[in-house]
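# Tertiary structure, described
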Amino acid sequence: MPIATSDDAFAEVKAKVDLVKIVQEHVRLTKRNRDLWGLCPFHQEDSPSFKVNPQMQSWYCFGCERSGDVFTFVELIEKTDKRGALQMLAERAGVELKKLSPEQKERSDSRKRMLAMLKLAAQYYEYVLWSTPTGETGRRLLASRQVAEKTARAFQLGYAPAGRGFAEYLRAKKRSLADAQEAGLMRRDGTDFFAERLVIPIRDERGQPLAFTARTVRQDEQRKYINSPETPAYVKGRVIFGLDLARDEIAHKGHAVLMEGQFDVITAHGAGINNAVASSGTALTEDQVRLLKRFTDELLLVFDSDRAGRAAAQKAVVLAAAHQMRTRVATIEGAKDPDEFLRAAGAEASKWWDELAAKAPSGFEFGMEDAAAGLNLSNANHVELAARRLREWIAQFPPALQEEYRERAKRWMGVSGHLLAAEPDERRHPGRPGPQKAGNNGLGAPHMGKKMTVGRYLLQLLAVRPAAFERVRTKITPEELDEEDRGIYVRMLETYERGGASGLTNELAGYPAEEQDLIRRAWAAPPPNVDEEVAVELAERIRLDRMKGRHSGIIRELSEAERGKDSERVARLETEARELARAIAEMERRG
């Protein structure tokens, strides 16, 4: 088979594929003279205005005025880029695009095996759920979540049984167990990684399973969800959950509904909201925004109703604006997330949803209202505070939008323009917020020049997302925190244990003034990332730093003991140093 260079590839592929055959897979064509006509697949129409010229291998629509060749058609119909269209058509034409080195070929082959294994696993889990007695546990969970079988099958939900069922299935199929381990499906002892869990495939925009997330069915299991690791086939920040099912409805409705969790999307589709997708519980990324922009220029954000959800919505608004995407933000009342909201609505879900969406303000207006929440704008001090928050909010947007947003904020607040004028630092660095400029690791610079430590960042995150205490308190002890952070951490933990997620709001007035100030600042300007996974990473980083400090101290003590020829102390310190070094190495390996 010839090897095509990148310049020659387009010409060779174009010579080997027939535009008419490609178009006929999507459009019913009728011949008129030398041309073929049909209803345009790119806009709504009742009479055919879409023309294909077989001789020129070109197409044109007189309605929407789009035109092009076979590559342009595939780009638009598959919502991909030019390279993606080339790859799809090259596979069809049998053209090899690039000669691979042995290492590249091995990586490519390994990825293909992994994708095949993930597809096989999804089929296996789905079969277990619907066709075996073992799957009854999973079916009961779906019934309790009001997920109908039709919806569950659309998302290819499955169930992973206890034991080594998947390994035995692979042996019967003569498939590699090593490939299953590499894909994160099986432990080293052959047991299923997702055992006794309802399994949700995470698929790309074409429906290929890339990974799984799995919810426990056991009451005594502390980890409600576990997820596939990132692999050569799966980078979670590049995937949008549910996009393969939602893409057509997104095109029809003109916007995507972006949620946070997989069950939010599953419940939404069950309620007829078929343009719903999710960022899969992670903060929205640049790659995810670029992927969504292939399908739409507008997002309706419907995140969790807690403080962390509002912070995530604001970050998504700014990120979307940087990619010229419009946003609206729907605020859920009386429920913690879209899943709970829609299940509570029952048969009225569609009506409730339409009312919710109709009230959704633009992303900028949402942030503007949040900046003034709880303030009395007839009070001069409160007006100044609201104006400062709005200046910070506006400064995060692209410079081209800032002047318009200042005018809108001025009219909304009813204040003179100087209160909202960009401050000098914002003029020098347009598009960046004045306070808390984020570093590479997400740690922002704090107010009043105080150094931002990992412990202080953790405290800010816990102030915004108290539920993260559930996981953090098992990862760190108060003694491992710096002395100045220890007291407020203990106080916040005790408040959480007494009052849950709302305890901090109820008890804050009883905190020392400095601690109140830290917490209120975190509420007003949340850290860049408030995921629970980030909280765990910060806690583990604090523990690791403390362990390394202790190890260095032991090594110094060991040197002193050796100089003093204290053999008993030397033996004890060597044992401690070895054990601590192993523990440090294990933590670094997991991290």
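A brief report on the enclosed structure follows. These figures come from a predicted structure and were not determined experimentally.

What counts and how
- Residues numbered from 1 in each chain as written.
- Predicted model: local features only at pLDDT ≥ 70, side-chain atom pairs only at ≥ 80, totals over all residues.
- Heavy atoms only, no water.
- Core = buried A, V, L, I, M, F, W, Y, C linked by side-chain atoms within 4.5 Å.
- Buried < 20%, exposed > 50% of the residue type's maximum accessible area, 1.4 Å probe, protein only.
- Helix = DSSP H or I, 4+ residues; strand = E, 2+ residues; numbered from the N terminus.
- Contact = heavy atoms within 4.5 Å.
- Arc of directions from axis to C-beta.
- Axes fitted to C-alpha atoms, helices over the stretch in contact; angles between N-to-C directions.
- Parallel < 35°, antiparallel > 145°, perpendicular 65-115°, else oblique.
- Left-handed = near helix turned anticlockwise from the far one by under 90°.
- Nonpolar A, V, L, I, M, F, W, Y, C, P; charged D, E, K, R; others polar.
- Pairing = 2+ DSSP bridges.

In this structure, Tyr 125, Phe 166, Leu 185 and Trp 353 are the most contacted members of the largest nonpolar core, which totals 63 residues. Take this core: its biggest share by element is 12 residues, from helix α5 (residues 102-131). What Leu 185 contacts, discounting residues up to four positions off in sequence, is Met 117, Leu 118, Ala 121, Tyr 125, Phe 166, Ala 180, Asp 192, Phe 193, Phe 194 and Phe 212. Within the second largest apolar cluster, 43 residues are counted, among which are Ala 246, Ala 313, Leu 319 and Phe 366.

The next point concerns helix α12 (residues 286-293). Among all positions in α12, only Gln 288, Val 289, Leu 291 and Leu 292 are buried. Projection of α12 onto a plane perpendicular to its axis shows the buried side chains occupying an angular sector of 160 degrees, all on one side. On the buried face of α12, the contacting elements are α10 (243-253), β10 (256-259), β11 (276-278), β12 (298-301) and α13 (307-322).

We now examine helix α14 (residues 338-345). Among all positions in α14, only Pro 338, Asp 339, Phe 341, Leu 342 and Ala 345 are buried. All buried residues of α14 project into a common sector of 165 degrees when viewed along the axis, lining one side. Residues of α14 that are buried sit in contact with β10, α11 (262-270) and α15 (349-358).

Right, let's get into the packing of helix α20 (residues 454-464) against helix α24 (residues 513-524). In contact at an axis separation of 9 Å, α20 and α24 are set at 65 degrees when each is read in the N-to-C sense. As summarised for this structure, α20 and α24 are arranged roughly perpendicular, according to the angle between their axes. Relative to α24, α20 is oriented so that their crossing is right-handed. Here Arg 456, Leu 459, Gln 460, Ala 463 and Val 464 of α20 come into contact with α24, specifically with Leu 518, Ile 519, Ala 522 and Trp 523. The residue inventory of the contact of α20 with α24, partitioned by class, reads 7 nonpolar, 1 polar and 1 charged.

Looking now at the sheet that holds β10. Read across the sheet, 4 strands follow the order β11-β10-β12-β13 without closing on themselves; strand pairing throughout is parallel. Two strands close off the open sheet at either side, each with one partner strand: β11 and β13 (326-329). Recorded for the sheet is a direction-independent mean angle of 30 degrees between the axes of neighbouring strands. Inspection of the sheet shows β12 paired to β13 by 4 bridges, in the parallel sense. Counted as the bridge partner of Leu 301 is Val 329 from β13.

On to the pairing of β12. Two faces belong to every sheet, and in a regular strand the side chains alternate between them. In β12, alternate side chains face the same way, and those of Glu 298 and Leu 300 on one face and Leu 299 and Leu 301 on the other are all buried. Across 3 bridges, β10 lies against β12 in parallel orientation. Residue pairing in the sheet places Ala 256 in a bridge with Leu 299 of β12.

Okay, the pairing of strand β7 (residues 197-203) next. β7 sits mainly inside the fold: 7 of its 7 residues count as buried. Burial along β7 is two-sided: Arg 197, Val 199, Pro 201 and Arg 203 facing one way and Leu 198, Ile 200 and Ile 202 facing the other are all buried. Judged from the 3 bridges that link them, strand β6 (residues 158-160) and β7 form a sheet pairing that is antiparallel. Paired with Gly 158 across the strands is Val 199, a residue of β7. Examined bridge by bridge, β7 and strand β8 (residues 209-216) share 7 bridges and lie antiparallel to one another. What sits directly across from Leu 198, in β8, is Arg 215. As consecutive antiparallel partners, β7 and β8 are separated by 5 residues, and within that stretch Gly 207 has a phi angle of approximately 95 degrees, a positive value.

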